[in-house]
Amino acid sequence: MRPPGGSRGEETNAEQQGPTVCAGALSDLWLLRTCSLEGFGGRGWRRGQDGANWERKSPSSSPGPPAAAVFAKSCDLSKSCCPTPGKGMGARLGMVECAARKLAGCTIFVTGASRGIGKAIALKAAKDGANIVIAAKTAQSHPKLPGTIFTAAEEIEAAGGKALPCIVDVRDEQQINSAVEKAVEKFGGIDILVNNASAISLTNTMETPTKKVDLMMSVNTRGTYLTSKACVPFLKKSKVAHILNLSPPLNLNPVWFKQHCAYTIAKYGMSMCVLGMAEEFKDEIAVNALWPKTAIHTAAMDMLGGSGIESQCRKVEIMADAAYSIFKKPKTFTGNFIIDENILKEEGIKNFDVYAIKPGQPLMPDFFLDEFPEAVTKIRESQGAVPELKEEKLHPQAKPHSGAVEETFRIVKDALSDDVVKATQAIYQFELSGEDGGTWFLDLKSKGGNVGHGEPSNRADVVMSMSTDDFVKMFSGKLKPTMAFMSGKLKIKGNMALAIKLEKLMNQMHSRL
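Residues numbered from 1 in each chain as written. Predicted model: local features only at pLDDT ≥ 70, side-chain atom pairs only at ≥ 80, totals over all residues. Heavy atoms only, no water.

The name given to the chain in an unreviewed UniProt entry is Hydroxysteroid dehydrogenase-like protein 2, with Fukomys damarensis as the source organism. In its Function (unreviewed entry) section, UniProt records this for the chain: "Has apparently no steroid dehydrogenase activity. Controls bile acid (BA) and lipid metabolism in response to nutritional cues." (UniProt positions renumbered as here; feature names shortened; annotations may be inferred.)

Set out below in structure tokens:
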């Protein structure tokens, strides 16, 4: 059995004949040290009054990490996951194996668990022998998004867990309640809820249809609220009792509202559920939020950013490992907005290259985190009291100039093809300041594509404002578009998803520029 403690943790044998324990799981090694050959009833421990659970003999005896104590109090020894303690080496090692599998027997309800981060969290818990409720709406294969609730169930059971696939659209309260009832009927309760299901549209106010606004509000905010409400009565009965929302810290910097106001509101609604419910259910249920420091590679990210975006992303396993670290904490750990990398650093992890899709490559920062404080300060100073980024007034030149910008567009034009146009379907307008600047366009909607100086004949889908130097650096690969945007060097108006797609073409230009 491979115990938890980080999907990449080193392993060592506790005995030549027996289960392996994770070298990084200090609480498990401490548990092994405190157990005597008389089983688990040795130094510092005794049976509880119920005769089934184990507890510390006294606060002063054999101090150890909280995780081990939490396990000893909450693990039901009558369940199959934990062998009944007895005498001899076998009993001792059996208890250590059980301690290492901290989520064994726990029931975890995960929305959106058919793929991506939700499935990764489920698989991590399944390795402990957890019961996983896969609450997602994909029952049949999607042409662009692989995975269904049934394929996820197969993977979960292969990993060592038990699975209950439920067709759930979190916009439908009846489907949520039905899945919760089935979970309680099959597994006896619910110990952890992961609100992972989410909808996204990175579009500004005028370009976001009402249908998409309703979708994001209903899935992100309302879906999280209703699923939490349905699970709370059963979570209150659990000794573990965690709600984890995949949502960001509540950062009110206007830059995170300007380009995708509806999405930000919907996502922050999930975070506000954390803020409110953590206080409402204090001492009963731990309620926290988890958010990645960098972009995470999922099928949805591929759809947003296109092929090649994965090189700037981390694997879903980093979020699974971070979630696992949160689940190990007591109920008093509540109301926190946690960044994946930060909590794993607290766990002792130093090398994060293991989580990178392409180690050594620059990573794309995720939304809602101010990773460039100097740039953010500059943006705020330029705004004054107006919650909107002020854009530099640019004066297009009457005619194109020779130089690096014109040469860049010439190379771009030579690389255009019907395939590139078909894959992109967007018109880009560039407002460039500095030498060789002015207004330029890249038409990837017309047959064969086109570039030129001045405004495009049809309305641009995306308008990008930046200096000529940064423009050339961006197309030559010396400046990542996302980094340029996050640092304030690049300002974008229009469809953010189409802006991300342009990066695919830029990657093709690197060898020529």
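This is not the end of the story, as more comes after the structure.
For the rest of this paragraph, the subject is the sheet that holds strand E12 (residues 426-433). Ordered by their spatial adjacency, five strands build an open sheet running E14-E13-E12-E15-E16, and the pairing between neighbours is mixed. Whereas interior strands pair on both sides, the edge strands pair on one side only; in this sheet they are strand E14 (450-453) and strand E16 (491-494). Between one strand axis and the next, the sheet turns by 15 degrees as a mean value, whatever way the strands run. Here four bridges tie strand E15 (residues 462-467) to E16, and the two strands are oriented antiparallel to one another. From the neighbouring strand, Ser 465 faces E16, where its bridge partner is Lys 491. Packing of helix H14 (residues 404-415) onto the sheet brings it into contact with E12, strand E13 (438-444) and E14, and relative to E13 it is tilted by some 5 degrees. Relative to the sheet, helix H16 (residues 468-475) contacts E12 and E15, its axis offset from that of E15 by approximately 115 degrees. (Pairing = 2+ DSSP bridges. Helix = DSSP H or I, 4+ residues; strand = E, 2+ residues; numbered from the N terminus. Axes fitted to C-alpha atoms, helices over the stretch in contact; angles between N-to-C directions. Contact = heavy atoms within 4.5 Å.)

Moving on to the sheet that holds strand E6 (residues 131-136). Spatially, E7-E6-E5-E8-E9-E10-E11 is the arrangement adopted by the seven strands of the open sheet, whose pairing is parallel. Of all strands in the sheet, those with a lone pairing partner are strand E7 (162-167) and strand E11 (337-339), marking the two edges. Recorded for the sheet is a direction-independent mean angle of 20 degrees between the axes of neighbouring strands. Inspection of the sheet shows strand E5 (residues 107-111) paired to strand E8 (residues 192-195) by three bridges, in the parallel sense. Of the residues in E8, the one forming a bridge with Val 110 is Val 194. On top of the sheet, helix H6 (residues 173-187) reaches E5, E6 and E7; it is set at about 160 degrees to E7, its chief contact. The sheet strands contacting helix H9 (residues 261-280) are E8, strand E9 (242-245), strand E10 (286-291) and E11, and the helix crosses E10 at an angle near 150 degrees.

Along the chain, Val 213 falls in helix H7 (residues 210-235). For the pair Val 213 and Ile 265, spaced 52 residues apart in the sequence, the C-alpha separation amounts to 9.8 Å. If we skip the residues at most four places from it in the chain, Val 213 touches Thr 208 and Ala 262.

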